[in-house]
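Residue-level listing of the chains:
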Amino acid sequence: MPSHKRSAPEDDSTTIQVKKSKVAAESSQQAKEKSKERPDHASSCDDPACTGCDEGEVELAFVRRDENGQEVAATPSAMELLAMAKSETNRAVAGRLYDMALDAFADEDKEHGKQGLGYARCLVELGRQLAVQESLREALTLYQSQKAPITSETRLWEARCALALALAIRLQVNNDVDLARDELDSEDDDDTAIMELMDKANLKREETKLYQSALTLLDDVAENIADNDHALFYQAIKDLLQYMEELGQPPHAPVVSIIGDALIRFLDASKAADQDALLMRAAVLLHVCKFVEPSERSKTVDEANTVLESIVAYTKEQKQDLEGRYYELLAMCRLEQANCVEDEDKVLACFDDAIDAFNKALELDPDNGKVQDMLETLTGSN
């Protein structure tokens, strides 16, 4: 099978290292009180998903190795600062690195400054990694203000920006829907309450405009993908799949159908045929089949199963191991197959296969909470 190599861009790595040293701790009474409530967090941290970011006041120093292997001071470029920010796991430090990268991009681009494409890209990466919608909106404004001729690379970054903002909005909406569902008393689950919940889950105008804009941009690029755009185009496909998989309510069926068709179209255009691309194709089909009419569901599930079988053949040919994601999708496929058969023995066999596949997926990826939840649901264990 032909496969385009999707190596990481050169600017995604750097030989410069960042060294962090704590120079002071927060001393205000407010900070002390807050540290009692959340001892692993900086006083300014309000992110409920943050697992710990308190490093007090941290001084950052940049070093590299000279020809003798000794550490010497270094001044990182904007791209090097961006690479360090993307790889930083501490939210507070990553934020500081992004701020430094933004300043560096503005300084390096003498002609455009904070209106330049490097600055816009940095805003996108910041917004994606730290879930800052304001950064994504600022970047989107910059991309939309670009004058012709506009390169395919710029179109791809604009598409990724739009998808990142759509995803951020969708995650916020899904969280609101989950909270509203939890507040519903089981006795109050009447038609009116359910309708109100589904209305809350609907895509609003901004989100719709964002995903539609991204599809238009990706279709433009897909007509003739330059060799040096394949990696970025592929990343944009992944972004689109990630967004679609957050659409899981009945009102989302038309949008899932549109995006699902687009994803298959883009995967075909990418000509990627490795395990990762095949896994994406299977994931698309398995998500779409949740929304298709019952009469069509069996056909879509069979298509997904065929793709999963081709993954096994591909990995054997390439002498590769099957990934945990494969077993997760295999389990989902077996559950969908169980919904398409009437014979009780076949249904039970599908559920047994799904449990086995989920167990294998969890063995390969022990931190996969989604798989853990599915196993607990199927087996009734905690």
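Residues numbered from 1 in each chain as written. Predicted model: local features only at pLDDT ≥ 70, side-chain atom pairs only at ≥ 80, totals over all residues. Heavy atoms only, no water.

1. Observations regarding the overall build of the protein chain
Convention followed: Going along the chain from the N terminus, every DSSP run of H or I of four or more residues is numbered as a helix, and every run of E of two or more is numbered as a strand. Note on classification: 1.4 Å probe, protein chains only; a residue is buried when its accessible area is under 20% of the maximum for its type, exposed when over 50%, partly exposed between these limits. All accessibility values rest on the Shrake-Rupley procedure with a 1.4 Å probe; residue burial counts only the protein chains present in the view.
Within the protein chain, the secondary structure is distributed over 15 helices and three strands. In the protein chain, which comprises 382 residues, the share counted as buried stands at 43%. For the protein chain, the accessible surface area stands at approximately 21300 Å², while carbon and sulfur atoms represent 46% of it.

2. Concerning the side chain of serine 135
The following threshold applies: The criterion used for residue contact is that any of the two residues' heavy atoms lie within 4.5 Å.
With respect to the helices and strands, serine 135 occurs in helix α5 (residues 133-144). Residue serine 135 is classed as buried on the basis of its relative accessible area, which comes to 9%. Other than its neighbours up to four places away in sequence, serine 135 contacts Leu123, Leu126 and Gly127.

3. Focus: the pattern of salt bridges
Rules: A side-chain nitrogen of Lys or Arg and a carboxyl oxygen of Asp or Glu constitute a salt bridge if their distance falls within 4 Å.
Counting across every chain of the model gives 15 salt bridges. Residue aspartate 178 is joined to arginine 181 by a salt bridge in which the shortest nitrogen-to-oxygen separation is 3.1 Å. You can see aspartate 178 and its partner arginine 181 sitting in helix α6 (residues 152-183), three residues apart, about one turn around the helix. The partner of aspartate 276 in a salt bridge is lysine 238, with the nearest N and O atoms 3.3 Å apart. Of the two residues, aspartate 276 is situated in helix α11 (residues 275-288) and lysine 238 in helix α9 (residues 230-244); the sequence distance between them amounts to 38 residues. The class of lysine 238 is partly exposed, set by a relative accessible area of 32%. What you see here is one network of salt bridges that share partners, running through Glu245, Arg325, Glu328 and Lys370.

4. Quick notes on the environment of tyrosine 327
Along the polypeptide, tyrosine 327 turns up in helix α13 (residues 324-338). Separated by 33 residues in sequence, tyrosine 327 and lysine 360 place their C-alpha atoms 6.4 Å apart. The residues touching tyrosine 327, leaving out its near neighbours within four places in the chain, are Leu322, Ala357, Lys360, Ala361 and Leu364.

5. Some details on the packing of α13 against helix α15 (residues 369-379)
Basically, it comes down to this: Helix axes are fitted only over the stretch in contact, all axes being lines through C-alpha atoms; the angle between N-to-C directions runs from 0 to 180 degrees. The crossing is said to be left-handed when, going from far helix to near helix, the turn is anticlockwise and less than a right angle, and right-handed when the turn is clockwise.
Following both chains from N to C, one finds α13 and α15 inclined at 35 degrees, their axes separated by 11 Å at the closest point. Crossing hand, α13 versus α15: left-handed. Note on element contacts: α15 touches α13 through Lys370, Val371, Met374 and Leu378, opposite Glu328, Met332 and Leu335.

6. Side note on the nonpolar core
Spelled out, the test is: Put simply, a nonpolar core is a bunch of buried Ala, Val, Leu, Ile, Met, Phe, Trp, Tyr and Cys residues held in one set by side-chain atoms that sit within 4.5 Å of each other.
Counting 111 residues, the largest nonpolar core has Phe233, Ile259 and Phe266 as its most contacted members. Per element, the largest residue contribution to this core is 14 residues, and it comes from α6. The contact partners of isoleucine 259, leaving out residues within four places of it in the chain, are Tyr211, Leu240, Tyr243, Met244 and Leu247.

7. Looking at the packing of aromatic side chains
Each pair of aromatic rings is reported with the distance of its centres and the angle of its planes. For clarity, the threshold we go by: Side-chain rings of Phe, Tyr and Trp (the six-membered ring for Trp) are treated as a pair once their centres are within 6.5 Å; stacked means planes under 30 degrees apart, edge-to-face means over 60, and tilted covers the remaining angles. By definition here, charges over rings are those cases where NZ of Lys or CZ of Arg is within 6 Å of the ring centre and within 35 degrees of the ring normal.
Inspection of every chain in the model, using the stated rule, returns three aromatic pairs. Aromatic pair tyrosine 211 and tyrosine 243: ring centres 6.4 Å apart, planes at 25 degrees, arrangement stacked. Of this pair, tyrosine 211 sits in helix α8 (residues 205-222) while tyrosine 243 is found in helix α9, placing the two residues 32 residues apart along the sequence. Tyrosine 243 sits in the buried class, given a relative accessible area of 0%. Here the guanidinium or amino end of arginine 265 rests over the ring plane of phenylalanine 266, the centre of that ring lying 5.3 Å away.

8. Thoughts on α9
Rules: Between the first and last residue of a helix there are one fewer steps than residues, each counted as 1.5 Å, and that sum is the expected span.
In this model α9 runs 21 Å from its N-terminal to its C-terminal C-alpha over 15 residues, within 8% of the 21 Å that 1.5 Å per residue would give. The secondary structure elements touched by the buried residues of α9 are α4 (117-130), α6, α8, α10 (253-270) and α11.

9. Some details on unusual backbone geometry
Most peptide bonds are trans, and most residues other than glycine sit at a negative phi. The peptide bond linking alanine 148 to proline 149 adopts the cis configuration, its omega dihedral lying at 0 degrees. Within the secondary structure, proline 149 sits in the loop between α5 and α6. If you check the backbone angles, alanine 131 has positive phi at about 55 degrees while not being a glycine. Inspection of the secondary structure assignment puts alanine 131 in the loop between α4 and α5. Of note, lysine 271 is a non-glycine position whose phi angle comes to about 60 degrees, a positive value. Along the chain, lysine 271 falls in the loop between α10 and α11. What makes lysine 271 exposed here is its relative accessible area of 52%.

10. Concerning the packing of α8 against α10
Defined as follows: Comment on the angle field: the value is read as roughly parallel under 35 degrees, roughly antiparallel over 145, roughly perpendicular from 65 to 115, and oblique elsewhere. Residues are sorted three ways: Asp, Glu, Lys and Arg are charged, Ala, Val, Leu, Ile, Met, Phe, Trp, Tyr, Cys and Pro are nonpolar, and all the rest, Gly among them, are polar.
Where α8 contacts α10, the two axes come as close as 11 Å, and the packing angle between them is 20 degrees. With respect to each other, α8 and α10 are oriented roughly parallel. Our pair here, α8 against α10, has a crossing hand that is left-handed. Two secondary-structure elements touch here, α8 through Tyr211, Leu215, Leu218, Asp219 and Ala222 and α10 through Val255, Ile258, Ile259, Ala262, Arg265, Phe266 and Ala269. Residue composition of the contact of α8 with α10, grouped by class: ten nonpolar, no polar and two charged.

11. Section: a negative patch on the surface
Rules: Patches draw on residues past 30% relative accessible area with no salt bridge. Two like charges within 9 Å are joined, as are two nonpolar side chains (Val, Leu, Ile, Met, Phe, Trp, Tyr) within 5 Å. Note on charges: Lys and Arg go in the positive column, Asp and Glu in the negative column, and His and the chain ends are not counted at all. Every charge is mapped onto a representative atom, which is NZ of Lys, CZ of Arg, CG of Asp or CD of Glu.
A surface patch of negative charge is lined by Asp99, Asp103, Asp107 and Glu108. The topology assignment puts aspartate 107 in helix α3 (residues 91-108).

12. Quick notes on the confidence of the model for the protein chain
Quick note on the threshold: Along the chain, pLDDT gives the predictor's confidence residue by residue, from 0 to 100.
Mean pLDDT for the protein chain: 87, with 85% of residues reaching 70 or above. Across residues 1-10, where pLDDT falls below 50, the model places 16 contacts with residues more than four positions away in sequence or in other chains. When the criterion is pLDDT under 50, residues 24-36 qualifies, and its contacts beyond four places in sequence or with other chains add up to eleven contacts.

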